[in-house]
Amino acid sequence: MMPFNELVLASHNAGKLKELQAMLGDSVRVRSVAEFSLEEPEETGLSFIENAILKARNASRLSGLPALADDSGLAVDFLGGAPGIYSARYADGKGDAANNAKLLDVLKDVPDAERGAQFVCCLALVRHADDPLPIICEGLWHGRILHAAQGEHGFGYDPLFWVPERNCSSAELPASEKNQLSHRARAMALLKQRLGLA
Ligand SMILES: O=P(O)(O)OP(=O)(O)OP(=O)(O)OC[C@H]1O[C@@H](n2cnc3c(O)ncnc32)[C@H](O)[C@@H]1O
Ligand SMILES: [Mg+2]
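Residue positions are counted from 1 within each chain, in the order its sequence is given. Whichever chain is written first becomes A and whichever ligand is written first becomes 1, with later ones labelled in order. Per-residue local features of the predicted model are confined to residues with pLDDT of at least 70, and side-chain atom pairs are confined, for both listing and counting, to 80 or more; whole-chain, interface and lining totals are unaffected and use all residues. Based on all heavy atoms of the structure, the side-chain values leave hydrogens and waters out of the count.

A short note on the overall build of the protein
Definition in use: Think of it this way: any DSSP run of H or I at least four residues long counts as a helix, any run of E at least two long counts as a strand, and we number them from the N terminus. For the radius of gyration, the atom set is restricted to C-alpha positions; the globular benchmark scales as 2.2 Å times the number of residues to the power 0.38. A simple rule labels every residue: compare its accessible area, found with a 1.4 Å probe on the protein chains alone, to the largest value its type can have, and call it buried under 20%, exposed over 50%, or partly exposed in between. Throughout, a residue-residue contact means that at least one pair of heavy atoms, one from each residue, lies within 4.5 Å. Under the convention used here, a 1.4 Å probe and the Shrake-Rupley method define accessible areas, while residue burial counts only the protein chains that appear. Working convention for charge: Lys and Arg count positive, Asp and Glu count negative, and His plus the chain ends are omitted. A single reference atom marks each charge: NZ on Lys, CZ on Arg, CG on Asp, CD on Glu.
When helices and strands are counted, the protein shows five helices and seven strands. Mapped in sequence order, the helices and strands of the protein form the string β-α-β-α-β-α-β-β-β-β-α-α. Taking 198 residues into account, the globule formula puts the C-alpha radius of gyration at 16 Å, and the protein, at 17 Å, falls close to it. Viewed in the frame of its principal axes, the protein has a C-alpha envelope of about 50 × 30 × 25 Å. Here the protein holds 198 residues, and the buried ones make up 51% of them. In the protein, of all internal contacts separated by at least 6 residues, the share reaching a separation of at least 24 is 59%. As presented, the protein carries roughly 9,500 Å² of accessible surface, and 52% of it is formed by carbon and sulfur atoms. With 20 positive and 26 negative side-chain charges, the protein shows a separation of 3 Å between the mean positions of the two kinds.

What to know about the UniProt feature "binding site: Mg(2+)" (unreviewed entry) in the protein
To keep it simple, the criterion reads: UniProt positions are given in the numbering used here, feature names are shortened, and annotations may be inferred rather than shown by experiment. Distance and chemistry together define a polar contact, namely a pair of N or O atoms within 3.5 Å, with one atom able to donate a hydrogen and the other to accept it when in protein, and with adjacent residues in sequence counting only for side-chain atoms on both sides.
Under the feature "binding site: Mg(2+)" (unreviewed entry), the UniProt entry names E42 and D71. For this annotated set, covering 30 residues, all C-alpha atoms fall within 12.4 Å of each other, a compact arrangement in space. With respect to the helices and strands, D71 occurs in strand β3 (residues 67-76). Classification of D71 by relative accessible area gives buried; the value is 2%. Ignoring sequence-local partners within four residues, the contact set of D71 consists of K16, E43, S47, F48, N51, A52, K55, I85, V120, C121 and C122. At 2.8 Å, the side chain of D71 forms a polar contact with the side chain of K55.

Some words on the site of ligand 1
Definition in use: Whether a residue is near a molecule or strand is decided by its heavy atoms; if any one of them lies within 4 Å of it, the residue is near. Lys, Arg, Asp and Glu make up the charged group, whereas Ala, Val, Leu, Ile, Met, Phe, Trp, Tyr, Cys and Pro make up the nonpolar group; the residues left over, Gly among them, are polar.
In the vicinity of ligand 1, 21 residues are found, and the nearest of them are S11, H12, K16, K55 and K178. The separation between a nitrogen atom of ligand 1 and a polar side-chain atom of R184 is 2.9 Å. Here ligand 1 has 610 Å² of accessible area as a free molecule, and 95% of this is covered by the chains. Contributing elements (two or more residues each) for the shell around ligand 1: β3 and α5 (183-194). The greatest single-element share of the shell around ligand 1, amounting to four residues, is contributed by β3. Tallied by class, the residues present in the shell around ligand 1 amount to four nonpolar, eight polar and nine charged.

Re the side chain of N99
Counting through the fold element by element, N99 comes out in helix α3 (residues 96-106). Setting aside its immediate chain neighbours within four residues, N99 contacts S87, A88, R89, Y90, A91 and Y157.

Structural notes on the environment of S11
Mapping S11 onto the fold places it in the loop between β1 (6-9) and α1 (14-24). Judged by relative accessible area, S11 falls into the buried class, the value being 6%. Residues S11 and P41 lie 30 residues apart in sequence; the distance between their C-alpha atoms is 10.0 Å. Not counting the four nearest positions on each side in its chain, S11 is found in contact with K16, L17, S32 and V33.

Digging into the packing of α1 against α5
The condition is simple: Angles shown run from 0 to 180 degrees and are taken between the N-to-C directions of axes, each axis being a line fitted to C-alpha atoms and, for helices, limited to the stretch in contact. When describing relative orientation, an angle under 35 degrees is termed roughly parallel and one over 145 degrees roughly antiparallel, while 65 to 115 degrees is termed roughly perpendicular and anything else oblique. For a crossing to be left-handed, the near helix must be turned anticlockwise from the far one by less than a right angle; the clockwise case is right-handed.
Interhelical geometry of α1 versus α5 gives an angle of 40° and a closest axis separation of 11 Å. By the angle between their axes, α1 is oblique relative to α5. As for how α1 packs across α5, the hand of that crossing is right-handed. Here K16, E19, L20, M23 and L24 of α1 come into contact with α5, specifically with R184, A185, M188 and K192. Classifying every residue of the contact of α1 with α5 by side-chain character gives five nonpolar, no polar and four charged.

Considerations on the sheet that holds strand β5 (residues 135-145)
How we decide: A pair of strands is considered paired only if DSSP assigns at least 2 bridges between the two.
Read across the sheet, seven strands follow the order β2-β1-β3-β4-β5-β6-β7 without closing on themselves; strand pairing throughout is mixed. Each edge of the sheet is formed by a strand with only one pairing partner; in this case those strands are β2 (29-32) and β7 (168-169). Sheet analysis places β3 next to strand β4 (residues 116-126), joined by 10 bridges and oriented antiparallel. Paired with D70 across the two strands is L123, which belongs to β4.

Observations concerning the pairing of β2
Selection criterion: Crossover handedness is defined by viewing with both strands directed away from the observer: a clockwise path from the first strand over the helix to the second marks the crossover as right-handed.
Two elements, β1 and β2, share four bridges in a ladder whose sense is parallel. Each bridged residue has a counterpart across the sheet, and for L9 the counterpart in β2 is S32. Handedness of the β-α-β unit built from β1, α1 and β2 comes out right-handed.

Listed below in structure tokens is the structure:
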């Protein structure tokens, strides 16, 4: 059991919410921040950590509940870690398909050996909106960027992310497998350890 019985997930991304819920299982009753507000807080931080804390505090303030936020993104080696914390806004807010198209275009002449990338996930848990000691857990997932989209599962950049340990894209993995391997899965495993659940 979690040290509390209700938790609000501070995300407006349906793909993330599904994965986080599956990973949390029935260890805690999960609510979504959308029950309290549809307005997304501005992600003004310069790091995944700052943005995750900012989203968690916002959701906790709105709900009066402990809150778990996920700030994540794709860091491409050839681009010096871009789009990074700006992954959701890479194509100026035009959405996943536009983000993916832009990334493919920017990397169109880059050979496989230079297409290394990491998915990054930072989870932040606050017990209340002004919690002075949020719990922060990170996870990385190493792969490389494909030359064209592959696979239908997952969300976001998954169709472009080659998973060397499975020889397929992350959008070709069934949800249950992605949820054991991914950046989010690694961060969640650490969070469960920190909470004494693992
Ligand atoms: O901030 P919230 O409301 O949680 O939702 P968001 O989609 O804006 O989330 P982020 O600000 O953390 O941006 C994450 C970006 O990285 C992408 N991303 C994160 N995890 C991913 C995953 O597991 N598979 C594919 N893309 C992912 C996602 O599609 C977004 O473009
Ligand atoms: Mg966001």
